[in-house]
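What follows is the residue order along each chain.
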Amino acid sequence: MAKMVLDFEKPIIELEQKIEEMRRYAGNPDIAAEIVKIEVRVNQLQQTIYAGLTRWQKVQLARHPDRPYTLDYISLMTKDFVELHGDRSFRDDHAIVGGFARLDDVAVMIIGHQKGRDTKSNVYRNFGMPNPEGYRKALRLMKLAEKFRMPVVTLLDTPGAYPGLEAEERGQAEAIARNLFEMARLRVPIVVAIIGEGASGGALGLGVGDRILMMENSWYSVISPESCSSILWRSWEFKEQAAEALQLTAPDLKKQGIIDDIVPEPKGGAHRNPEQAARVLKETLLQELKALAKVKPEKFLERRIEKFSKMGVWVG
Amino acid sequence: MAWFKRSKENIASETQKKEVPDGLWTKCEQCGEIIHRTELEKSQFTCAKCGAHFRIGSKEYVGIILDEGSFKEYDRRMRSGDPLKFVDTKRYRDRVSEAMKKSKLHDAVCWGTGTIEKQPIVLAAMDFSFIGGSMGSVVGEKIGRAIDKAFKTKTTLLIISSSGGARMMEGALSLMQMAKTSAKLARLAEAGVGFVSLLTDPTTGGVTASYAMLGDVIIAEPGALIGFAGPRVIKQTIGKDLPPGFQRSEFLLEHGFVDMIVHRKDLHAEISRLVRYFSTRSPGSHR
C-alpha cells in the first residue's frame, strides 16, 4: 500500500529509509557505527518534531489515511467478533459498524464510526459520515448490550454526521438527540474512545458514557477547523488559526475537564505501529471496564448526569 | 478620492432578516404588507395578511404564552466565562459584550417558572438575537437548570428553541451541553414529567440534535427552518438546489418529526391543553 507522508513526517521517514538502505552493508563496521548515529538522530528528531506539533498538525495526524480505524482496532484488540447489521427500520449504514466481541475474556458490544481507505471503500463507508440509520443501528446494538448486561465500547472517528438531503428527511437531528438521551440512561457501562476525528454532533452521537478517553493524536470539537474558518473568518484559509482557537487536542480537552484520560500512541502516531496502539488501547479499556463493573445498573443515569453537568464555564 | 467605496459591512446572511425592527412601521418580508407596531403586537408579531411569523425573543414568548404577570425569571445575569479565550476576527469577549449591549440580555436563553391557564409550568426560551441563539455553556447550564426545576417540582417543561446551533467560540464545551441537557431530559422522562418542545425559526445544529427534538410533544411555528445541517451546507454537499419547502415546519410534519404546526396566536391555548393532559391521572393509572 502506498504510504502517505505528512510534511512534518518527511525528515524522519527519509532518515529511516536511509537506515534501511545502509543495513544492506551493515557488515561494514564503519557503516554499522553510522547507522547507530543516525538512529540516535532519528530519535532526537522524533522527540523535537512530535513535542512541537501544532494543533493543525495533530488534526492531520488524526486524519492520517494509514491510521487504524474501528475495524482495525476490533481485529487487533478483540477476538470472536460478530458483526451485526441494520437499524431494522431503513437500512444498514456502513459508516457505523458494531457487534459482539471479546476483549480478552470480557464480552462487550463494540461500536464505532468506520472510514474507508481508498476511493472505493470510502464511497462504501461514506467517508465515515453516518446517516440517521447509522445512529439508530448503534442504539439498537446498545439496547442489545443492555439486554445481555454487556458493557458498551464506542470508538469515535468521523468528520461529522452526513449533511445530506435524505439525512435531513430521515431526521439526522432526531437520531443523534435520541442517542444522547438513551445513552445517558443505558443501564450498562459505556466507555468512549476518540480514536481519530471527533467532529461535533456526529461524533457525540456515539459519545455519551461513563469514561471518555482520547487517543493522543485525535481531535474532538464542536466543529472542524475548516468549517470554523469558513464561518468565522469567511474563508477556508484560516484552518490553522481555527484549530488553535478551538483547542481541540487531547491535552486541551483534558484541561477543559471533558475527557478522563489520554491514551498514549506509539512514537510518530498510531499509524506507525497499529499493533502497539491497539495493545495500549485494549489494556486501557480493560482497566476502565473493570472499574465500572461494580456500578449498579440503576446508578448509571445519575452518574452520567453528574459527569456532564460539570462541563461548562459561566459567570454568575 | 475613490469613485467607488466598498462598504465595510458584510453581506447579511439570509437567516438574519425577519427580526422585528424598533421603528413604528414594519414591512412583511413575505408579502410586502406594511404593518404598524401596535397592529403587530396585537397579532403576536405575525402578518395579518399572509400569516408570516416574525422572529421574536424570549420576552415576547413569555408574554404570548404565559398567564400575565406569572413569570418569575431565574439566573438572569448568568453570562459566558470565555473558557478558551477565543479569538477569531474578533475577541469572543467583545462579541459577548456587544451582544449584551445590543440585546440587553446576558446570553441566548432565559428560563423561569410561571403559569398557563393557572397551571404551573417551567419555561425556557431562547433568543436568536444573541449570537444567533448559539448554545454555549450558559445556554446549556440554564436549560439544564430548567430541566432540574421541572424534575424536582414535577412540573411540565416547555422549551422554546431558536438557534443556529452550538457556539463555536466555546469549542468542545459547547458540544457537551448537548449531552448535559439530553441526560437531564432522560431523568425527567423517567420521572414521568411532560416536556413540550416548541421549535421556532430557525432551529438548527446542536440544539435540534439535542433537547429540541426530545419533546414528548414537538410543536413548530409555521414556516420555521428546522434541521441538523444548514441549507447552505447541504446544497454545497449534494451540489443541487434544494426542493422548495425543504427543512420547513410543514416538511418536518410530513416526515413525522413534529406533532403539529401551531399559529402563534393559538400557542397559549394549545400548550395549555397539553399541560392539562400531562397532569391527568386517569382512573386505573398507577401514578
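It should be emphasised that the depicted structure is a prediction, and the values quoted were computed from it without experimental measurement.

**Examining the overall build of chain A**
Working step 1: Within chain A, the regular secondary structure consists of 14 helices and 9 strands.
Working step 2: For chain A, whose C-alpha radius of gyration is 21 Å, the value lies close to the compact-globule estimate of 20 Å for 316 residues.
Working step 3: Structurally, chain A occupies a C-alpha span of about 65 × 50 × 45 Å along its principal axes.
Working step 4: The proportion of buried residues among the 316 residues of chain A is 57%.
Working step 5: Partitioning the contacts of chain A with sequence separation of at least 6, the portion at a separation of at least 24 is 72%.
Working step 6: Carbon and sulfur atoms provide 52% of the accessible area of chain A, an area that totals close to 13600 Å².

**Some thoughts on the interface of chain B and chain A**
Working step 1: Contacts between the two partners involve 60 residues from chain B, matched on the other side by 51 residues from chain A.
Working step 2: Between the two partners, chain B and chain A, sit 2 salt bridges.
Working step 3: On the surface where chain B and chain A come into contact, there are 11 residue pairs in polar contact (both at pLDDT 80 or more).
Working step 4: Secondary-structure elements contributing two or more residues to the side of chain B that touches chain A are strand 4 (79-80), helix 4 (137-153), helix 5 (171-190) and helix 7 (231-238) of chain B.
Working step 5: In terms of residue count, helix 5 of chain B provides more of the side of chain B that touches chain A than any other element does, 18 residues in total.
Working step 6: Across the side of chain B that touches chain A, the residue classes break down as 32 nonpolar, 16 polar and 12 charged.
Working step 7: Where strand 9 (residues 314-315) of chain A lies against strand 4 of chain B, 2 bridges are found, and the strand directions are antiparallel. Counterpart to Val315(A) in the pairing with strand 4 of chain B is Arg79(B).

**Side note on the domain arrangement of chain A**
All names here are of chain A.
Working step 1: Looking at chain A, the domain boundaries give domain 1 (7-52) and domain 2 (58-309).
Working step 2: Relative placement of domain 1 and domain 2: their C-alpha centres are 35 Å apart.
Working step 3: If you look at the interface, domain 1 gives 8 residues, while domain 2 gives 7 residues.
Working step 4: Taken over both partners, the interface formed by domain 1 and domain 2 buries close to 640 Å², and the fraction arising from carbon and sulfur atoms is 46%.
Working step 5: Three residues, Phe8, Glu9 and Tyr50, lead the burial of domain 1 against domain 2; their summed loss comes to 60% of the area buried on that side.
Working step 6: At the junction of domain 1 with domain 2, the criterion picks out 1 salt bridge.
Working step 7: The salt bridge involving glutamate 16 is made with arginine 272; its shortest N-O contact spans 2.4 Å.
Working step 8: At the boundary of domain 1 with domain 2, the tally comes to 4 residue pairs in polar contact (both at pLDDT 80 or more).
Working step 9: For the side of domain 1 that touches domain 2, the elements supplying multiple residues, two or more each, are helix 1 (10-23) and helix 2 (29-51).

**Overview of the pairing of strand 2 (residues 96-103) of chain A**
Residue and element names in this part refer to chain A.
Working step 1: In terms of burial, strand 2 is a largely internal element, 6 of the 8 residues being buried.
Working step 2: Inspection of the sheet shows strand 1 (residues 79-83) paired to strand 2 by 3 bridges, in the antiparallel sense. Looking at the pairing, glutamate 83 lines up with glycine 99 of strand 2.
Working step 3: Pairing analysis gives 8 bridges linking strand 2 to strand 3 (residues 106-113), with the strands arranged antiparallel. From the neighbouring strand, glycine 98 faces strand 3, where its bridge partner is isoleucine 111.
Working step 4: With antiparallel pairing between neighbouring strands as the criterion, strand 2 and strand 3 make up a hairpin whose turn holds 2 residues, including aspartate 104 at a positive phi of roughly 50 degrees.

**Details of the confidence of the model for chain B**
Residues and elements named next belong to chain B.
Working step 1: Considering every residue of chain B, the mean pLDDT works out to 92; 91% of them sit at 70 or more.
Working step 2: With pLDDT under 50 throughout, residues 7-16 is counted as low confidence; its partners more than four residues away or in other chains account for 6 contacts.
Working step 3: On the interface metric, ipTM, the complex scores 0.96, and its pTM is 0.94.

**A few points about the domain arrangement of chain B**
Residue and element names in this part refer to chain B.
Working step 1: If you check the domain split of chain B, you get domain 1 (3-16 + 55-278) and domain 2 (20-54).
Working step 2: The C-alpha-based centres of domain 1 and domain 2 are spaced at 22 Å.
Working step 3: With 9 residues of domain 1 at the contact, the number on the domain 2 side is 7 residues.
Working step 4: Carbon and sulfur atoms supply 59% of the area that domain 1 and domain 2 bury against each other, a total of about 720 Å² over both sides.
Working step 5: A per-residue breakdown of the area domain 1 buries against domain 2 is headed by Arg55, His263 and Arg264, which together make up 53% of the total.
Working step 6: Summed over the shared surface of domain 1 and domain 2, the result is 0 salt bridges.
Working step 7: Taken together, the links from domain 1 to domain 2 amount to 5 residue pairs in polar contact (both at pLDDT 80 or more).
Working step 8: Residues of the side of domain 1 that touches domain 2, tallied by class, amount to 3 nonpolar, 1 polar and 5 charged.

Each value, and the rule that gives it
Residues numbered from 1 in each chain as written. Chains lettered and ligands numbered in written order. Predicted model: local features only at pLDDT ≥ 70, side-chain atom pairs only at ≥ 80, totals over all residues. Heavy atoms only, no water. Helix = DSSP H or I, 4+ residues; strand = E, 2+ residues; numbered from the N terminus. Rg over C-alpha atoms; globule rule 2.2 N^0.38 Å. Buried < 20%, exposed > 50% of the residue type's maximum accessible area, 1.4 Å probe, protein only. Contact = heavy atoms within 4.5 Å. Areas by Shrake-Rupley, 256 points an atom, 1.4 Å probe, with all protein chains shown as cover. Salt bridge = Lys/Arg side-chain N within 4 Å of Asp/Glu carboxyl O. Polar contact = N/O pair within 3.5 Å; in protein donor to acceptor, adjacent residues only side chain to side chain. Nonpolar A, V, L, I, M, F, W, Y, C, P; charged D, E, K, R; others polar. Pairing = 2+ DSSP bridges. Domains from an automatic or database assignment. Buried area = accessible area lost by both parts, 1.4 Å probe. pLDDT = per-residue confidence, 0-100.

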